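Topology and contacts: notes
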Amino acid sequence: MSNLRAPKRTSACPCQSGKPYGECCRPYHRRTQEAPDPEALMRSRYSAFAIGEIDYLVATLHPEHAEKKNLPEEMLRSSLRAACRDHRYTGLTILETSVDGDRGMVRFVAKVFQRGKDISFSERSTFERVGGAWRYLEGETA
Ligand SMILES: [Zn+2]
């Protein structure tokens, strides 16, 4: 799916890694590579929200993620589209990350604005490897 908001390969990646998009989250968004660890998946999901990569956001949810499991896919997609449309994602800070076998954790602060209002939050996200690929399982405010 083409994405009009996709940055150029040489633009700074929206996950704020300091790397160009083409050398950071783009290969994951294009599905030519899987994110190698929970932090990379977290970053690529944040940048996917920033640029509206809905397919990627759906694909990287764990099958047991509450919304993926309980919402019809079209409702899930429309709520993700609304989040991408109504919010500005201006920065990501990773505070802590750990991996234990096929489970991983990332604690982060996401800078997010909704129509000019700062709704930034910190979260502790849990990731699990499914068939060799890291997927987002759940998050709690931290
Ligand atoms: Zn990135």
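Going by the structure above, here's the rest.
Residues numbered from 1 in each chain as written. Predicted model: local features only at pLDDT ≥ 70, side-chain atom pairs only at ≥ 80, totals over all residues.

1. Regarding the pairing of strand β4 (residues 121–130)
So the rule is basically this: Note on pairing: two strands pair once DSSP finds at least 2 bridges between them. Secondary structure elements follow DSSP: runs of H or I no shorter than four residues count as helices, runs of E no shorter than two count as strands, and numbering proceeds from the N terminus.
By the bridge criterion, eight bridges tie strand β2 (residues 103–114) to β4 in an arrangement that is antiparallel. Across the sheet, Arg107 pairs through a bridge with Arg124, a residue of β4. Pairing geometry for β4 and strand β5 (residues 133–141), over eight bridges, is antiparallel. Of the residues in β5, the one forming a bridge with Glu128 is Arg135.

2. Describing helix α5 (residues 73–86)
To keep things clear, this is the line we draw: Under the convention used throughout, the expected extent of a helix is 1.5 Å for every residue step, that is, one less than its residue count. Partly exposed residues are those whose C-beta has more than 12 but fewer than 20 other C-beta atoms within 10 Å; 20 or more makes a residue buried and 12 or fewer makes it exposed, with C-beta atoms placed from the backbone.
An ideal rise of 1.5 Å per residue puts 20 Å on 14 residues; α5 measures up with 20 Å between its terminal C-alpha atoms. Judged by how many residues are buried, α5 sits mostly at the surface: one of 14 residues are covered.

3. Details of helix α2 (residues 38–51)
Each full turn of the α-helix corresponds to 3.6 residues, which orients residues three or four apart in the same direction. Its 14 residues give α2 an end-to-end C-alpha distance of 20 Å, which sits within 8% of 20 Å, the value for a rise of 1.5 Å per residue. The first or second residue beyond α2 is Gly52, which carries a positive phi of 80°.

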